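# Residue-level structure breakdown
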Amino acid sequence: MTTVFNQDDSPDAIIISDDGSTDNTISWLSANYELTFQGTLGISQRYPNLRVLHKEHSGKGDSINQAMELSDTDVVLILDADTRLHPGSIRALRETFVRYPDVQVVSGTVIPSCAPSRLGRILQFFQQHEYARLHLWRLAWSHLNSSLIVSGACSAFRRQTLLDIGGFYPASWVEDYEVMYRLQRFKRLRQETCRVMVQPSLCVQTDAPHTLYSFLRQRRRWAGGFLETMIHYRQMVGDRRYGILGCGYLLHNAFSIIHPFYNLAWLMAGIALSLRGSQIYIELLLLLLVSLALGAVIIYITIRRYRRYFRRQEVSSVGAVIELIVRPFFYIHLLTLSYGWG
């Protein structure tokens, strides 16, 4: 909350949606922000633009929908409770929507932060480089008007656009991912533009999993929700009405469903051949080394581009090459395990 109130361009309205918390969240908010409740809605006497919705537990998607009904702003910025805004974020967001009237969604830069334990620092190292690559991935597809990914921790929508498609789907494991499919389908079938932008200056720091179990649970949800969404919207894959989105991005997503198991099959094949002493194993090893060298060059350039465009310093090109080399020995296995669980 502090990072929201400390913005140089304050938001017109701040709505906290308390999803049936059982700790002292409401008591703490009431004491620190002088809340006066009328039923389930608390109004701050200290900050006139702050309201708190205290509701029964119904999930994140429904919580956002109920909070959105209380808002009358043109744009809604969705933040998780463990997410902190960097200075200047609201101003950059407001300027983006004013400058580009056709933009429907704006995605920001998310910096993962883990607890300062030994395992936490290791997971943070991998996740920071992973997020940096994902930000560039989103940026590239947004330039092709084919973006389907925004961060659930920090994303902004035109409020009327969300209302037109019925808001977020509460039953989805990945409500931020599913809503983008529905939004793109809604706009494209009406032959309307659905422009999604990446705004580097809309930057937040968010708490990321710092234990193996919490990491596996998060990625299990992402993987299961991704597959669930792909199956539900499978008619969009390869459909030329969606342009590059249908024939490029979604075809890539369809392949990515089997990609982790494809990598696992190659690994098992390599181990089996090595145990048999096959010469093919040596050729596979040489192929792996060549691929690794090529990947190192690409990732080095990629992270330099990220640091330049997003103006972020938490990752380095040298660190990215190191991450690429050690990833197959640790991080890939975690991702494959969580993917199979999902």
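Whatever comes next refers back to the structure up there.
The paragraphs below set out a description of the structure included in this document. (Residues numbered from 1 in each chain as written. Predicted model: local features only at pLDDT ≥ 70, side-chain atom pairs only at ≥ 80, totals over all residues. Heavy atoms only, no water.)

### So, the overall build of the protein chain
Along the protein chain, the regular secondary structure elements total 13 helices and 9 strands. The C-alpha radius of gyration of the protein chain comes to 22 Å, within 12% of the 20 Å expected for a compact globule of 342 residues. Counting only C-alpha atoms and orienting by the principal axes, one finds that the protein chain spans roughly 75 × 50 × 35 Å. Within the span of the protein chain, comprising 342 residues, buried residues form 45% of the whole. (Helix = DSSP H or I, 4+ residues; strand = E, 2+ residues; numbered from the N terminus. Rg over C-alpha atoms; globule rule 2.2 N^0.38 Å. Buried < 20%, exposed > 50% of the residue type's maximum accessible area, 1.4 Å probe, protein only.)

### A few points about the sheet that holds strand E4 (residues 50-55)
Strand order in the open sheet formed by 4 strands is E1-E4-E3-E2, and the pairing between neighbours is mixed. The open sheet has two edge strands, strand E1 (14-19) and strand E2 (35-38), and neither has a second partner. Going across the sheet, the axis of each strand differs from the next one's by a mean of 25°, ignoring polarity. Bridge count between strand E3 (residues 41-44) and E4: 3 bridges; the pairing is antiparallel. Considered in E4, the bridge of Leu 41 is made with Leu 53. Lying on the sheet, helix H2 (residues 25-33) is in contact with E1, E2, E3 and E4; it crosses E2 at an angle near 125°. (Pairing = 2+ DSSP bridges. Axes fitted to C-alpha atoms, helices over the stretch in contact; angles between N-to-C directions. Contact = heavy atoms within 4.5 Å.)

### Details of the sheet that holds strand E9 (residues 195-207)
Ordered in space as E5-E8-E7-E9-E6, the 5 strands form an open sheet in which the pairing is mixed. The open sheet is flanked by strand E5 (75-79) and strand E6 (83-85), the only strands paired with a single partner. Direction aside, neighbouring strands of the sheet carry axes that sit 30° apart on average. Each of strand E7 (103-113), strand E8 (154-158) and E9 is contacted by helix H7 (residues 175-189), which is oriented at about 160° to E7, the strand it contacts most.

### Things to note about a nonpolar patch on the surface
A contiguous nonpolar surface patch, about 750 Å² in accessible area, is contributed by Val 297, Tyr 300, Ile 301, Val 318, Ile 322, Ile 325, Val 326 and Phe 329. Those elements that provide at least two residues to the nonpolar patch are helix H11 (279-310) and helix H12 (317-326). Among the elements that make up the nonpolar patch, the one with the highest residue count is H12 (4 residues). Secondary-structure assignment places Val 326 in helix H12. Using a relative accessible area of 34% as the deciding quantity, one classes Val 326 as partly exposed. (Patch = residues over 30% accessible without salt bridge, like charges linked within 9 Å, V, L, I, M, F, W, Y side chains within 5 Å. Areas by Shrake-Rupley, 256 points an atom, 1.4 Å probe, with all protein chains shown as cover. Salt bridge = Lys/Arg side-chain N within 4 Å of Asp/Glu carboxyl O.)

### Quick notes on the environment of Asp 176
Checked against the element boundaries, Asp 176 lands in helix H7. As for Asp 176 and Ser 30, which are separated by 146 residues in sequence, their C-alpha atoms are 29 Å apart.

### A closer look at the pairing of E1
In summary, the side chains of a regular strand alternate between the two faces of the sheet. In E1, alternate side chains face the same way, and those of Ile 14, Ile 16 and Asp 18 are buried while those of Ile 15, Ser 17 and Asp 19 on the opposite face are not. Both E1 and E4 contribute to a ladder of 6 bridges, which runs parallel. Among the inter-strand pairings, Ile 14 is bridged to a residue of E4, identified as Leu 50.

### Structural notes on the packing of aromatic side chains
Scanning the model with the defined rule gives 16 aromatic pairs in all. Three or more aromatic residues link up through ring pairs in this structure, and these residues are Phe 125, Phe 126, Phe 215, Phe 330 and Tyr 331. Positioned over the ring face of Trp 341 is Arg 220, at 5.1 Å from the centre of the ring. (Phe/Tyr/Trp six-rings, centres within 6.5 Å; stacked < 30°, edge-to-face > 60°. Lys NZ or Arg CZ within 6 Å of the ring centre and 35° of its normal.)

### Here's the deal with the side chain of Arg 188
The residue Arg 188 is located in helix H7 in this model. Despite being buried, Arg 188 has no salt bridge partner; Asp 239 is the closest side chain of opposite charge, sitting 9.5 Å away. Excluding residues within four positions of it along the chain, Arg 188 makes contact with Asn 145, Ser 146, Tyr 242, Gly 243 and Leu 245. (Lys, Arg positive; Asp, Glu negative; His and termini not counted.)

### Quick notes on unusual backbone geometry
Not every positive phi belongs to a glycine, and Glu 34 is a case in point at roughly 50°. Checked against the element boundaries, Glu 34 lands in the loop between H2 and E2. Unusually for a residue other than glycine, Arg 311 sits at a positive phi of about 55°. If you trace the backbone, Arg 311 turns up in the loop between H11 and H12.

### A look at the side chain of Gln 184
When you line up the elements, Gln 184 lands in helix H7. A polar contact is formed between the side chain of Gln 184 and the backbone oxygen of Ser 147, at a distance of 3.0 Å. (Polar contact = N/O pair within 3.5 Å; in protein donor to acceptor, adjacent residues only side chain to side chain.)

### Examining the nonpolar core
Counting 31 residues, the largest nonpolar core has Phe 157, Leu 162, Met 180 and Tyr 181 as the members making the most contacts within it. Elements supplying a minimum of two residues to this core: helix H3 (60-69), E5, H7, helix H8 (212-232) and helix H9 (244-256). Considering each element in turn, this core owes the most residues, 6 residues, to H7. Setting aside residues up to four positions removed in sequence, Tyr 181 forms contacts with Leu 148, Thr 229, Met 230, Tyr 233, Met 236, Leu 250 and Asn 253. Counting 23 residues, the second-largest nonpolar core is a separate cluster that includes Leu 93, Val 103, Val 106 and Ala 156. (Core = buried A, V, L, I, M, F, W, Y, C linked by side-chain atoms within 4.5 Å.)

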